[in-house]
Amino acid sequence: MTGSKIIMYNLRDLLAYTNLSQKEFAKLIDSTESAVSRYLSGDRSPSVMTIIKICEAFPAFSPNDFIFEDGVKKKVELIKLDVKFNRKEMIEDEVNQIS
């Protein structure tokens with residue numbers, strides 16, 4: 001898969017994960033809805049500066065998450081695992097405080 005296709009799929013995954021519309025996403029990264037549409041269709045790849053803006057808007061993600069295949073999906077899974085683990089630790093702490 002080409003680099004531009006990898007970025008396209010990772011951006012699609014990010015929008016699906018965040019439940020943002022193209023218009024909302026464009027506003028967050030100081031872009032236009034038409035530019036975002038072109039990124040998501042694969043007609044155009046975002047510039048390095050645009051990827052940096054995306055990472056600034058979504059600090060859990062780094063540029064590497066967008067250039068490697070399934071990078072966003074893998075990061076989302078790690079985030080979910082971290083949240084699950086932290087919840088488990090919080091519950092265990094509460095149980096320990098009660099006992």
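Relevant structure appears above.
The residue count restarts for each chain, going from 1 along the sequence in the order it is written. Only residues with pLDDT of at least 70 get local features here, since the model is predicted, and only at 80 or more are side-chain atom pairs given and counted; chain-wide, interface and lining totals rely on the full set of residues. Heavy atoms from the whole structure form the basis of all side-chain values; hydrogens and water molecules are not counted.

Concerning the overall build of the protein chain
Stage number 1. When helices and strands are tallied, the protein chain shows six helices and zero strands.
Stage number 2. What counts as a helix is a DSSP run of H or I of at least four residues, what counts as a strand is a run of E of at least two, and both are numbered from the N terminus. Helices and strands in the protein chain line up, N terminus first, as α-α-α-α-α-α.
Stage number 3. For 99 residues, the compact-globule estimate of 2.2 N^0.38 gives 13 Å, and the protein chain exceeds it by more than 25% at 17 Å.
Stage number 4. Taken along its principal axes, the extent of the C-alpha atoms in the protein chain is 60 × 30 × 20 Å. Both definitions apply: the radius of gyration is a C-alpha atom measure, and the globule rule equals 2.2 Å times residues to the power 0.38.

Some details on the pattern of salt bridges
Stage number 1. When a carboxyl oxygen of Asp or Glu is within 4 Å of a side-chain nitrogen of Lys or Arg, the pair counts as a salt bridge. Using the criterion set out here, one finds two salt bridges in the structure.
Stage number 2. Residues D30 and K53 are paired through a salt bridge, measuring 3.8 Å at the closest nitrogen-oxygen approach. Of the two residues, D30 sits in the loop between helix 2 (22-28) and helix 3 (33-41) while K53 sits in helix 4 (residues 48-57), which places them 23 residues apart along the sequence.
Stage number 3. Between K75 and D65 there is a salt bridge whose closest N-O contact spans 3.0 Å. Placement of the pair is K75 in helix 6 (residues 71-98) and D65 in helix 5 (residues 63-67), with a sequence separation of 10 residues. No difference in accessibility class separates K75 from D65, as the two residues are buried. When accessible area is computed with a 1.4 Å probe and restricted to protein chains, residues below 20% of their type maximum are described as buried, those above 50% as exposed, and intermediate ones as partly exposed.

Regarding helix 3
Stage number 1. Considered for burial, the residues of helix 3 that qualify are A35, V36, Y39 and L40. Burial along helix 3 is one-sided: seen end-on, the buried residues are contained in an arc of 135°.
Stage number 2. Throughout, a residue-residue contact means that at least one pair of heavy atoms, one from each residue, lies within 4.5 Å. Tucked inside the fold, the buried residues of helix 3 contact helix 1 (3-18), helix 2 and helix 4.
Stage number 3. Just past helix 3, the residue G42 takes up positive phi, approximately 85°. To obtain the arc, one takes the directions from the helix axis to the C-beta atoms.

Bear in mind that shape data such as this cannot, by itself, settle questions of function.
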